[in-house]
Structure formats: C-alpha cells, structure tokens
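Observations on the model geometry
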Amino acid sequence: MRNPIVIGTPISIASLMQYGVLSAAALLAGLISTSALAAHQIAVQITVITSMIAFGISMAAAARVGHAVGRNDGPGIKRAGLVAMLLGTLIAALLTVAVIVARFEIAELFLDKSVGDGDATIGLTAELLIVAASLFVTDAAQSIAAGGLRGLKDTRVPLLFVGIAYWLIGFSLGYVLGLKIGRGATGIWIGLSIGTTIYAGLLVLRFYLLASRRALRAFT
C-alpha cells in the first residue's frame, strides 16, 4: 500500500488545490456582483467541459509513459509524453477557436436576455469566455504533462508547482487585477490564465528534462 499512498497523495492534494482556486475565484467574483459571479460560473463550466478531452489524453499519457519506463525505453518515454501533448494542444486549439466564435451563443444557453440585466451579463460572459478560451491550450498542456510525470512517478514536485503557479501567482494576480485595479471578473480570469500558463510551462519543462535524462541514461 505504500506506493499508491506515496504517489497518490500529492496527486489528490494537487487536484484539490486546482479546483480550490476556481472556488476561491468564485468568492472573489461574488464580491464584485451577482452578474460577475454568474459569468464566472459559466466560464468555469465551459472550461471544465473542454478540459475533459485533455484529461482523458493525460490518462493515456500516464499509461504509455509508465509502460515505456517499465521496459526501460528512454526515447519511448519522451515520445509518449510529447506526442500526447501535441495531440492535446491541437484539439484544445480547435476548441479555443470554436468557443471564441460561439461565445455569445454559449452565454445565451445559460442566460435569458429578457431577465433583469441579462444583456449585460451575456456580454460579460462572452468577454470572460475569450479569456477562458485563451487558457485551453496551456490547460491541456499542463494536464497531459502532469499525466506523463505520473507515469514517471513524479508527483511531489508538481504539487509544489500548483502552489506557486495557481495560488501564489495566479490567484494573487487575479485578486489584484479584479478587486484592487478594478478589472472585475475579467481581471480574475486573467490571473487564472497567467497562473495556468506558468504551471503548464513548469510541468512541460520538468517532463522534458526527466524524459531526456532517462533517454540519455538508456543510450549510455
């Protein structure tokens, strides 16, 4: 039981921190207005739905990287991870374009124009969806890179990266932009987007370095 606990505990804590930052961002949006909170929740919903494809690919990446590790195939480790990242980011790029093009139609699926400030909320939601869509590619990259690192049994350092990228940088920046500078819900999502980008960069770089080290070791 030791192995699943040692490897799995950081994964569960990291997932809690990732989803926790979205909940904390909802609290910030609620401090702004009910319209901001509604728009935020719609953006979260669309982001979570689109991320399911990358999540599935990350599971496959973890399995393929783990198989390559088991057969001591250094180049295969790097190939499995990088090919999965390429596939996931290409799909995420297509989803980004689709969401940006259909952002008003998506907002209208959730909101009624005739109710209260429906038009203003739809406009804000469409604006947030543009910012949210900007992180689809990096969110896919971080999810799949995390899967590759799980195949390498590397889960503790990614947990540290979550705290730095999402909470120390992303959430703090979203708070400053959204509530202090006055960018509102858009500022909160800009912070989340920057945090996701930093997290993705750290994970991809770590996977590349560890995989390259394995490939060099297998070659020598």
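In what follows, the structure referred to is the one given above.
Please read all numbers here as calculations on a predicted model, not as lab measurements.

**Things to note about the environment of Ile-100**
With respect to the element layout, Ile-100 can be found in helix α3 (residues 74–101). The spatial distance from the C-alpha of Ile-100 to the C-alpha of Ala-126 is 8.1 Å, given a sequence separation of 26 residues.

**Focus on the nonpolar core**
Ranked by internal contacts, the top residues of the largest apolar core, which has 53 residues, are Trp-189 and Phe-207. Contributions of two or more residues to this core are made by α1 (2–32), α2 (34–70), α3, α4 (103–110), α5 (118–133), α6 (136–151), α7 (156–180) and α8 (184–219). Counting residues per element, this core draws most heavily on α2, at 11 residues. Residues within four places of Trp-189 in sequence aside, it is in contact with His-40, Ala-43, Val-44, Thr-47, Leu-128, Val-131, Ala-132 and Leu-135.

**With respect to a nonpolar patch on the surface**
A contiguous nonpolar patch, built from Leu-31, Ile-32, Tyr-175, Val-176, Leu-179 and Ile-181 and spanning about 510 Å² of accessible area, is present on the exposed surface. Residue assignment for the nonpolar patch shows that the elements contributing at least two residues are α1 and α7. Of the residues forming the nonpolar patch, the biggest block, three residues, is contributed by α7. Checked against the element boundaries, Leu-179 lands in helix α7. Looking at Leu-179, the relative accessible area reads 31%, which means it is partly exposed.

**A word on the packing of aromatic side chains**
Here the structure, examined in full by the defined rule, presents two aromatic pairs. Between Trp-167 and Phe-171, the ring centres sit 5.2 Å apart and the planes meet at 50 degrees, which makes this aromatic pair tilted. Residue Trp-167 and its partner Phe-171 are located together in helix α7, separated by four residues, close to a single helical turn.

**Let's talk about the side chain of His-40**
With respect to the secondary-structure elements, His-40 resides in helix α2. Overall, the relative accessible area of 1% leaves His-40 in the buried class. Not counting the four nearest positions on each side in its chain, His-40 is found in contact with Leu-22, Ala-25, Ala-26, Ala-29, Leu-128 and Trp-189.

Cut-offs used in this document
- Residues numbered from 1 in each chain as written.
- Predicted model: local features only at pLDDT ≥ 70, side-chain atom pairs only at ≥ 80, totals over all residues.
- Heavy atoms only, no water.
- Helix = DSSP H or I, 4+ residues; strand = E, 2+ residues; numbered from the N terminus.
- Core = buried A, V, L, I, M, F, W, Y, C linked by side-chain atoms within 4.5 Å.
- Buried < 20%, exposed > 50% of the residue type's maximum accessible area, 1.4 Å probe, protein only.
- Contact = heavy atoms within 4.5 Å.
- Patch = residues over 30% accessible without salt bridge, like charges linked within 9 Å, V, L, I, M, F, W, Y side chains within 5 Å.
- Areas by Shrake-Rupley, 256 points an atom, 1.4 Å probe, with all protein chains shown as cover.
- Salt bridge = Lys/Arg side-chain N within 4 Å of Asp/Glu carboxyl O.
- Phe/Tyr/Trp six-rings, centres within 6.5 Å; stacked < 30°, edge-to-face > 60°.

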